[in-house]
Amino acid sequence: MTETMTIALLGQPNSGKSTFYNALTGSHQHVGNWPGKTVEKNTGIFKCKDNTYTVTDLPGTYSLAANSEEEIVTREYIAGGEADLVCILADASQLERSLFMLEDFAGIRVPAVLLLNMLDVAESSGKIIDVPAIEKSLGIPVLPFVAADKKYYGAFYKLLERRDMKNWILDSNSLSEMYKSEFGEIYDNVLNTLPRDGIAVYENSWIFAKLAENDMAAEAMTETAVGRERFASIKKDIEKINNGASHTGNCKFKWIDEFISDCVSNVNSKGSTDELGKFDRLAVSKRGGKWLAAGIILLGLMVSMVFAAPLMYLGSILPLLADPVSKWLLDIGTAPMLVSLLCDGIWTAFSFTVMMCSFVFGTTFVFGFLEEIGYMARISYVFDGTMRRLGLHGKAVMPFLVSFGCNIAGATGARVLDTWGQRMAAISMSWVVPCGSTWGVVGLVASVFFGPWAAVVVFLLFAVSVLHLQLTAKIFGKRFLSESDRTGLIMELPPYHKARWGSLIVSSLGKMVSAFKRAIHIVTIVLVIMWVLSYTSDGNLSGSILYRIGSVIEPVTMWFGLRWQTFIAWLASMMGKEGALGIIAAVFNDSNVLHSVAMQKVVTVDSVSIGESLSAALTKPEALAFIFAFYFNMPCLMTMSATAHETHSLKWTLLVAGYYIIVSIILAAVAYHIGCLIF
Amino acid sequence: MKKLNEVKSGKSGTILSVDGRVDFQRRITAVGVTPGSRFSVVRNEAKYPVLLKIRSTLLAVDRSDCAEIAVEVTEND
Ligand SMILES: Nc1nc2c(ncn2[C@@H]2O[C@H](COP(=O)(O)OP(=O)(O)OP(=O)(O)O)[C@@H](O)[C@H]2O)c(=O)[nH]1
Ligand SMILES: [Mg+2]
């Protein structure tokens, strides 16, 4: 007989849920050594002995309080009755803290097992855990576990075959005793007013604790269950409690402490020290910390470009195939227009997307490494002050850093933030960070026109970026960051781990593929439109719609210092920043536009010739205008789609994009007119 | 009695009480900062979050939030 069963994975951030989930189901959810990576629940299936199991990876939360979206997702799922079994993961190397989730679960009548994960880490620090004793005091099966090691999975599968699962209800008696002695009469009064058997899966002691913690969802639930009058009397009792969350927390931790002193011993006589390790002493130091972080990030960005190189190369030779293929297609009698659409439009879109994805791979790999070893949390610590000035906190540094490599990966990096508002604010501010390709274009154009003075231009760009950032914070900060989003940093700095290379490569590839899938549609559509606009039967641009549009709009675009060619290049840069170079090369040389969008990376549009055609066609103020318009323009379409995907808000993504576009063109105008005065 | 942000690096002590907004209380409780728990301050520098070791966890907490946490410092070390 086959049966299906649903298993939920519950645990504090960084306890190894996603590692476990990936190993069970063979998927590639994000794993890394710092808290809060999973933000949405993911569901997968696995088979074992003819039975099919559905598992749900839940976002890590420190407790079951309804503080953030993730916590609400988690709690509703657990209480909804969908899961037949809840696997609670606790980090055995930090038991005292990570058992808090177990305690918050006590009083929910859903079958559960406890997995003491990271046993390897706990054992190496000399901890010895008496598993049978724990099982006895909890009343549920307890499994010592290492999610990263397949050896331990046999015992878990065996557990699933047991028939007495219904009885695995976590014993909450000793915890309710604690509440009783802490709150005395109030506790008794409230419990007498609540329905005798609790509400749904919740026992009364659990409901009491949540009411004491001023949990709105629990209040609403109780009110519906007992009616308005009785709820009012409960509320009166509860209001006598001061700092309820801190008191109930105290009870839970007292219980944990007792339990640990009974069941866990430490053979390492020194115990854990409160001293920082050697590396950490530098990593979080007042002076050295920031420099070290900056150095490591810079190195990381360089390395990520190296990792991106193979794919980038692949993307750059793909367009070369277009020539022979188009010849062949023409030979067998395909209509020239169709050949051009396929080879110049669609094929270009494909190779273009491949190239951009190489950046996604490189940056996610390198930053994934920094995350996996645990260094990212240290960077967040040292840059907390900087982020606070933008209304955010240290964890928000991630999208900004990653964006120096690639804004697409940057948008995904915002997942570790707690609320929608923080994610939205961090991503939209991080859009101003120039990605690797932006630097490529800016570097080329600035050095062609300004020679050694290019450095000054770059400095100006940076200075204006800082102002831009402040403007963005001002305009959107209030919208995105309500009072409750402006929380200060509370972050665990996890112990350092060894990197697991295999899973790192697999997960970076996975992210790249998903970015590719998302982008390919959009890029294809946009390029096909561009193709239509620029198509001429003789390949001569001046006969195209694009040229005609260009000459009509130039009088307007010149207000902003943009020739129609640079204007088109600016437009194209929204598709992908490198695109601008191709367009420039094409339009100034009067050859086919689209083909060169892709060709430029073939090291080809060799900079010298672009340089020559550029400096002949543009004046210095015009070049400056283009640099500003280009640099401050919104990042590429792929970043936009990633942002909409991460924030679930197309509306705000579009509004922010509109803001970037408008500001970039205004800055171009300012740069142009000032430039006209200087040169 | 002191506030947590006033405790010097290297000193240890016991948490006395946690005040402030309810959601702050809930969040800080869940990571193990509750009355009665022992802690030691690992780093406390102006303009940086306070780094403390509590319940075998290294924790960074915003400076201004630390002002909501009253502590008793153990003098003899
Ligand atoms: N040494 C060791 N490391 C582990 C084990 N399980 C997980 N890890 C590592 O612990 C870190 C956190 O693992 P994740 O699976 O991302 O944790 P999570 O619970 O999904 O975390 P969030 O999604 O942030 O809530 C990663 O660096 C893993 O490689 C284990 O049993 N032993
Ligand atoms: Mg996870």
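These numbers come from a predicted model, not from an experiment. (Residues numbered from 1 in each chain as written. Chains lettered and ligands numbered in written order. Predicted model: local features only at pLDDT ≥ 70, side-chain atom pairs only at ≥ 80, totals over all residues. Heavy atoms only, no water.)

Participant: I would appreciate a short explanation of the domain arrangement of chain A in the present structure.
Facilitator: Where the parts come together, the accessible area they lose is often given as the size of the interface. In terms of domains, chain A is made up of domain 1 (4–167), domain 2 (173–266), domain 3 (278–437 + 482–511) and domain 4 (520–678). The straight-line distance from the C-alpha centre of domain 2 of chain A to that of domain 3 of chain A is 45 Å. (Domains from an automatic or database assignment.)

Participant: Please clarify how the packing of aromatic side chains should be interpreted in this entry.
Facilitator: For any two aromatic rings, the description comes down to two numbers: the centre-to-centre distance and the angle of the planes. All names here are of chain A. Enumeration over the complete set of coordinates arrives at 39 aromatic pairs over all chains. When the centroid spacing of 5.1 Å and the interplanar angle of 55° are considered together, the rings of Phe-145 and Tyr-153 count as tilted. Both residues of the pair, Phe-145 and Tyr-153, count as buried. Between Phe-350 and Phe-516, the ring centres sit 5.8 Å apart and the planes meet at 90°, which makes this aromatic pair edge-to-face. (Phe/Tyr/Trp six-rings, centres within 6.5 Å; stacked < 30°, edge-to-face > 60°. Buried < 20%, exposed > 50% of the residue type's maximum accessible area, 1.4 Å probe, protein only.)

Participant: Help me understand helix H13 (residues 244–263) of chain A in this model?
Facilitator: For the α-helix, the turn length of 3.6 residues means that residues three or four positions removed from each other point alike. For H13 of chain A, spanning 20 residues, the distance from its first C-alpha to its last is 29 Å, which sits close to the expected 28 Å at 1.5 Å a residue. Taken across its 20 residues, H13 of chain A has 14 buried, putting it largely inside the fold. (Helix = DSSP H or I, 4+ residues; strand = E, 2+ residues; numbered from the N terminus. Expected span 1.5 Å × (residues − 1).)

Participant: What is the right way to read the sheet that holds strand S6 (residues 69–73) of chain B from this model?
Facilitator: Strand pairs in the sheet, formed through backbone hydrogen bonds, run parallel or antiparallel to each other. The strand order across the open sheet built from seven strands is S9(A)-S5(B)-S4(B)-S3(B)-S2(B)-S6(B)-S1(B), with neighbouring strands paired in antiparallel fashion. The open sheet has two edge strands, strand S9 (490–492) of chain A together with strand S1 (2–3) of chain B, and neither has a second partner. As judged from the three bridges shared by S9 of chain A and strand S5 (residues 57–61) of chain B, these two strands associate in the antiparallel manner. Each residue of the ladder has a partner; that of Ile-490 of chain A, found in S5 of chain B, is Val-61 of chain B. (Pairing = 2+ DSSP bridges.)

Participant: Help me understand the sheet that holds strand S2 (residues 42–48) of chain A in this model?
Facilitator: Residues and elements named next belong to chain A. Taken in spatial order, the six strands line up as S2-S3-S1-S4-S5-S7 in an open sheet, and their pairing is mixed. Sheet topology places S2 and strand S7 (142–144) at the edges, where each strand pairs with a single neighbour. Neighbouring strand axes in the sheet, compared pairwise and without regard to direction, differ in orientation by 25° on average. In this structure, strand S5 (residues 112–117) lies alongside S7, joined through three bridges in parallel fashion. Bridge pairing in S7 links Leu-115 to Leu-143. The strands that helix H1 (residues 17–25) touches are strand S1 (4–11), S2, strand S3 (51–57), strand S4 (85–91) and S5; relative to S3, the one it contacts most, it runs at about 155°. Sheet strands touched by helix H6 (residues 131–138): S5 and S7. Its angle to S7, the strand with the most contacts, is close to 155°. (Axes fitted to C-alpha atoms, helices over the stretch in contact; angles between N-to-C directions. Contact = heavy atoms within 4.5 Å.)

Participant: I would appreciate a short explanation of a nonpolar patch on the surface in the present structure.
Facilitator: Residue and element names in this part refer to chain A. A cluster of nonpolar side chains, namely Ile-662, Ile-666, Val-670, Ile-674, Leu-677, Ile-678 and Phe-679, defines an oily patch on the protein surface of about 730 Å² accessible area. Following the sequence through the fold, Ile-662 ends up in helix H32 (residues 650–678). Given a relative accessible area of 51%, Ile-662 falls into the exposed group. (Patch = residues over 30% accessible without salt bridge, like charges linked within 9 Å, V, L, I, M, F, W, Y side chains within 5 Å. Areas by Shrake-Rupley, 256 points an atom, 1.4 Å probe, with all protein chains shown as cover. Salt bridge = Lys/Arg side-chain N within 4 Å of Asp/Glu carboxyl O.)

Participant: Whenever I open this one, the pattern of salt bridges confuses me. Can you help?
Facilitator: Side-chain pairs of opposite charge can arise whenever the charged atoms involved come near each other. By the definition in use, this model includes 22 salt bridges over all chains. When the shortest N-O distance is used, the salt bridge between Arg-388 of chain A and Asp-62 of chain B registers 3.4 Å. Of the two residues, Arg-388 of chain A sits in helix H18 (residues 384–388) while Asp-62 of chain B sits in the loop between S5 and helix H2 (63–66), which places them in two different chains. What makes Asp-62 of chain B buried here is its relative accessible area of 3%. Here Glu-622 of chain A and Arg-563 of chain A are joined by a salt bridge, their closest N and O atoms 3.3 Å apart. Pair noted here: Glu-622 of chain A is in helix H30 (residues 620–632) and Arg-563 of chain A is in the loop between helix H25 (545–557) and helix H26 (564–572), with a separation of 59 residues, a long-range link. On the accessibility criterion, Arg-563 of chain A (25% relative accessible area) is partly exposed.

Participant: Whenever I open this one, the packing of helix H21 (residues 420–430) of chain A against H32 of chain A confuses me. Can you help?
Facilitator: Relative placement of two packed helices is described by the angle separating their axes and the distance separating the axes. Residues and elements named next belong to chain A. Where H21 meets H32, the axes come as close as 11 Å, and the angle between the chain directions of the two elements is 30°. Classified by the angle their axes make, H21 and H32 are roughly parallel. Between H21 and H32 lies a crossing of right-handed hand. Contacts from Trp-420, Met-424, Ser-428 and Met-429 of H21 reach H32 at Trp-652, Thr-653, Val-656 and Tyr-660. Residues that form the contact of H21 with H32 fall into these classes: six nonpolar, two polar and no charged. (Parallel < 35°, antiparallel > 145°, perpendicular 65-115°, else oblique. Left-handed = near helix turned anticlockwise from the far one by under 90°. Nonpolar A, V, L, I, M, F, W, Y, C, P; charged D, E, K, R; others polar.)

Participant: Please explain the confidence of the model for chain B as it appears in this structure.
Facilitator: Parts of the model with low pLDDT should not have their predicted coordinates read in detail. Residues of chain B with pLDDT of at least 70 account for 97%, and the chain-wide mean is 90. For this predicted complex, the interface confidence comes out at an ipTM of 0.95, alongside a pTM of 0.83. (pLDDT = per-residue confidence, 0-100.)

Participant: I would appreciate a short explanation of the pairing of S3 of chain A in the present structure.
Facilitator: Working note: regular strand, side chains alternate between the two faces of the sheet. Residue and element names in this part refer to chain A. In terms of burial, S3 is largely enclosed, as six of its seven residues are buried. Here S1 runs beside S3; their pairing, made up of six bridges, is parallel. Considered in S3, the bridge of Ala-8 is made with Thr-56. Looking at chain direction, S2 and S3 are connected through seven bridges and run antiparallel. The residue of S3 that forms the bridge with Thr-43 is Thr-56. Linking S2 to S3, which pair antiparallel, is a turn of two residues; within it Lys-49 sits at a positive phi near 50°.

Participant: What is the right way to look at the site of ligand 1 in this model?
Facilitator: All names here are of chain A. Around ligand 1, 27 residues are found, and the nearest of them are Lys-17, Thr-19, Thr-38, Glu-372 and Arg-500. One of the side-chain N or O atoms of Asn-117 is found 3.1 Å from an oxygen atom in ligand 1. Note that an oxygen atom of ligand 1 is positioned 3.4 Å from one of the backbone N or O atoms of Met-118. Its free accessible area being 650 Å², ligand 1 has 96% of it covered by the protein chains. Ranked by residue count, the leading element in the shell around ligand 1 is H1, at three residues. Residues from two domains meet in the shell around ligand 1; each of domain 1 (4–167) and domain 3 (278–437 + 482–511) gives at least three. (Near = heavy atom within 4 Å. Polar contact = N/O pair within 3.5 Å; in protein donor to acceptor, adjacent residues only side chain to side chain.)

Participant: Would you mind showing me how to read the nonpolar core here?
Facilitator: Soluble globular proteins: nonpolar side chains tend toward being buried together. Residue and element names in this part refer to chain A. Counting residues in each nonpolar core, the largest one holds 116 residues, and the members touching the most others are Ile-379 and Leu-392. Counting the residues that make up this core, at least three belong to each of domain 3 (278–437 + 482–511) and domain 4 (520–678). In contact with Leu-392, not counting residues within four places along its chain, are Met-387, Phe-400, Gln-422, Ala-425, Ala-426, Met-429 and Leu-481. (Core = buried A, V, L, I, M, F, W, Y, C linked by side-chain atoms within 4.5 Å.)

Participant: Got a minute to help me understand the interface of chain A and chain B in this structure?
Facilitator: Taken residue by residue, the interface counts 47 residues in chain A and 35 residues in chain B. Both sides of the chain A and chain B interface together cover about 3,700 Å² of buried area, and 53% of this is carbon and sulfur. Interface area lost by chain A to chain B is led by Lys-286, Tyr-381 and Ile-490 of chain A, which between them contribute 19%. Where chain A meets chain B, there are three salt bridges. (Buried area = accessible area lost by both parts, 1.4 Å probe.)

Participant: I would appreciate a short explanation of the packing of helix H22 (residues 436–450) of chain A against H30 of chain A in the present structure.
Facilitator: All names here are of chain A. The interhelical angle for the contact between H22 and H30, taken along N-to-C directions, is 170°, at an axis separation of 10 Å. When the interaxial angle is binned, H22 and H30 end up roughly antiparallel. In this structure, H22 contributes Thr-438, Trp-439, Val-441, Val-442, Val-445, Ala-446, Phe-449 and Phe-450 to the contact, and H30 contributes Lys-620, Ala-623, Leu-624, Phe-626, Ile-627, Phe-630 and Tyr-631. Its residues placed into classes, the contact of H22 with H30 shows 13 nonpolar, one polar and one charged.

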